[in-house]
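# Coordinates in review
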Amino acid sequence: MRVIIAGGGIGGLATALSLHAAGVEDITVAEAAAEIRQLGVGINLLPHAVRELTELGLGDRLAEIGVPTRELAYFTPHGQLIWSEPRGLDVGYRWPQYSVHRGRLQLMLLDAVRERLGDGAVRTGHQLTGFTTQADGVTARFGTAQLTGDLLIGADGIRSTVRAQLYPAEGAPLWNGLVLWRGTTRARPFRGDRSMVMVGNSEQKFVAYPISAPDSRGEVEINWIAERPLDRAAENRGDWNRRVPVGKFLPYFEDWNFDWLDVAATIRNADAAYEYPMVDRDPLPHWTHGRVTVLGDAAHPMYPIGSNGASQAILDARVLSDALARLGGPAEACRAYEAERRPPTSAITLANRKMGPELVLKLAHERAPEGFEDIEQILPLAEREEIATRYKRVAGFDPVLLNDRRSYDATLAS
């Protein structure tokens, strides 16, 4: 079987590794960039994604570059604690949750692909321009060059060429009026050195978590995200690599200084900041068209809420590879993959539009905009727990369900 993967990001590389583990040998990853470099900032890998990478034999490598998240805590803009919960191994998962630099993760996956599939498996400078399908295969075009295979997988992001050809009338990503500014800063850790915090309400928010272990001075690399509405048109929707000066948004967070975290100083001392309008797309009615399918952001771009984007792409990769190993035929396997993955990812996309687990920030602000003396009086523990549990079930990382779920380690019959 010959498989072409359009896109050498986290989803595309995880797909190549998953297919190889399932017994597929002829795999080509076509990446548009001339070189895959360590770009981006931090992301979270939830336990369901860490399970898949561990079963691919990458657990030790991931532990070397990731910080195992111990706690997730939500605070009001006044710095009052709304809710905190343990994460990863501390709450009973068999696999940790990791905070990791996106670029380091991508390069780790790239190294593994080249080791297992050979240097020629990843072809850079290959921008997909279109494809045609035949009864027995698919031809992918990259300018004047082309590749033929039995299956084309679009892992080419929110501006996917594969998706655009399948749905030419869809248009640009949908913007909700909010903008994220992202960056990293070296500073002393907060609430220990393995906590992830979310501060704010339904409109203005600050998220921070460490993506490195403490250095000799006791400092960590803190990944942060500042969020609020933008009073002008969004530029370059879907381009999360657009650099901007911190002074553009710092004034909105100048007075966010708590005894456990100085938000303004964290932003001010950043190495760089990048602007990213908060965009997604409506769920599709179908991902699979014969021998062509999509995964990751090409299939289900979602708001960066609940730490789910990269994790869901890795799950896509494993389910698709499992289906190919069990069913053999590309078209049949892609239909089975879509049947398993499209409903839950559509539900996550819609849940993220309603703030997902971050709903507690909105409710606390609505019920006590000036702060509270006792969180239990405005947002009872049972309600907070239900919001968190409901989202875990929608997103597929409820501890019991994940720990007991079957493995996606099927291999092709010889």
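This section reports on the structure supplied with the text. (Residues numbered from 1 in each chain as written. Predicted model: local features only at pLDDT ≥ 70, side-chain atom pairs only at ≥ 80, totals over all residues. Heavy atoms only, no water.)

### A word on the pattern of salt bridges
- Counted under the stated rule, the structure contains 32 salt bridges.
- Arginine 163 is the salt-bridge partner of glutamate 170, the closest N and O atoms lying 2.6 Å from each other.
- With a relative accessible area of 28%, glutamate 170 lands in the partly exposed category.
- By relative accessible area, arginine 163 is classed as buried at 3%.
- Aspartate 280 is the partner of arginine 353 in a salt bridge, and the nearest nitrogen-oxygen pair spans 2.7 Å. Here the residue arginine 353 occupies a position in helix H8 (residues 330-353), and aspartate 280 occupies one in strand E18 (residues 273-280), the gap between them amounting to 73 residues.
- You can call arginine 353 partly exposed: its relative accessible area is 33%.
- Taking relative accessible area as the criterion, aspartate 280 reaches 1% and is therefore assigned buried.
- What you see here is one network of salt bridges that share partners, running through Arg51, Glu52, Glu55, Arg318, Arg405 and Asp409. (Salt bridge = Lys/Arg side-chain N within 4 Å of Asp/Glu carboxyl O. Buried < 20%, exposed > 50% of the residue type's maximum accessible area, 1.4 Å probe, protein only. Helix = DSSP H or I, 4+ residues; strand = E, 2+ residues; numbered from the N terminus.)

### Description of the sheet that holds strand E4 (residues 67-68)
- Read from one edge of the open sheet, 3 strands run E3-E7-E4, paired in antiparallel fashion. The open sheet has two edge strands with one neighbour each: strand E3 (42-45) and E4.
- Two strands pair when backbone bridges link them, and E3 and strand E7 (residues 98-101) are joined in this way by 4 bridges, in the antiparallel orientation. Along E7, the bridge assignment pairs isoleucine 43 with valine 100.
- Along the sheet face, helix H4 (residues 102-117) touches E3 and E7 and points at about 85 degrees away from the line of E7. (Pairing = 2+ DSSP bridges. Contact = heavy atoms within 4.5 Å. Axes fitted to C-alpha atoms, helices over the stretch in contact; angles between N-to-C directions.)

### Let's talk about unusual backbone geometry
- Although it is not a glycine, arginine 191 adopts a positive phi angle of roughly 50 degrees.
- Inspection of the secondary structure puts arginine 191 in the loop between strand E13 (174-187) and strand E14 (195-200).
- A positive phi angle, near 60 degrees, is found at serine 307, a position not held by glycine.
- Locating serine 307 in the fold gives a position in the loop between strand E19 (292-294) and helix H7 (309-327).

### Considerations on the packing of aromatic side chains
- Inspection of every chain in the model, using the stated rule, returns 8 aromatic pairs.
- Consider the rings of tryptophan 224 and phenylalanine 249, whose centres lie 6.0 Å apart with planes at 45 degrees: the pair is tilted. In this pair, tryptophan 224 is assigned in strand E16 (residues 220-229) and phenylalanine 249 in the loop between strand E17 (242-244) and helix H6 (263-268), connecting sequence segments 25 residues apart. There is no split in this pair, since tryptophan 224 and phenylalanine 249 are both buried.
- Where tryptophan 287 meets tyrosine 337, the ring centres are 5.5 Å apart and the plane angle is 45 degrees; that geometry is what we call tilted. Of this pair, tryptophan 287 sits in the loop between E18 and E19 while tyrosine 337 sits in helix H8, placing them 50 residues apart in sequence. (Phe/Tyr/Trp six-rings, centres within 6.5 Å; stacked < 30°, edge-to-face > 60°.)

### Thoughts on the packing of helix H2 (residues 47-55) against H7
- Remark: H2 packs on H7, axes separated minimally by 8 Å, with the N-to-C direction vectors making an angle of 45 degrees. Between H2 and H7, the interaxial angle falls into the category oblique. Every pair of crossing elements has a handedness; the one defined by H2 and H7 is left-handed. Mapping the contact onto sequence places His48, Ala49, Glu52, Leu53 and Glu55 in H2 and Ser311, Gln312, Ile314, Leu315 and Arg318 in H7. (Parallel < 35°, antiparallel > 145°, perpendicular 65-115°, else oblique. Left-handed = near helix turned anticlockwise from the far one by under 90°.)

### Some words on the nonpolar core
- Among the nonpolar cores identified, the biggest contains 74 residues, and Ile5, Leu45, Leu53, Leu105, Leu109, Leu152 and Val162 are the most heavily contacted of them.
- Not counting residues up to four positions away in its chain, the partners in contact with isoleucine 5 are Gly12, Thr15, Ala16, Leu19, Ile27, Thr28, Val29, Ala30, Ile153 and Ala155.
- If you look at the next biggest cluster of nonpolar residues, it comprises 30 residues, including Trp83, Leu180, Val279 and Leu379. (Core = buried A, V, L, I, M, F, W, Y, C linked by side-chain atoms within 4.5 Å.)

### Some details on H2
- Here H2 lies mainly inside the structure; 7 of its 9 residues are buried.
- Of all the positions in H2, only Pro47, His48, Ala49, Val50, Arg51, Glu52 and Leu53 are classed as buried.
- Looking one or two residues beyond H2, the residue adopting positive phi is glycine 57, at roughly 80 degrees.

### As for the side chain of arginine 163
- Tracing the backbone shows arginine 163 in helix H5 (residues 161-166).
- In this structure the side chain of arginine 163 is engaged in a polar contact, spanning 3.1 Å, whose partner is the backbone oxygen of alanine 298. (Polar contact = N/O pair within 3.5 Å; in protein donor to acceptor, adjacent residues only side chain to side chain.)

### Remarks on the sheet that holds strand E10 (residues 137-142)
- In spatial order, the strands read E9-E10-E11; together these 3 strands make up an open sheet with antiparallel pairing. Where the open sheet ends on each side, the last strands, each with one partner, are strand E9 (130-134) and strand E11 (145-149). Between one strand axis and the next, the sheet turns by 20 degrees as a mean value, whatever way the strands run.

Just distances and angles here, no functional claims.
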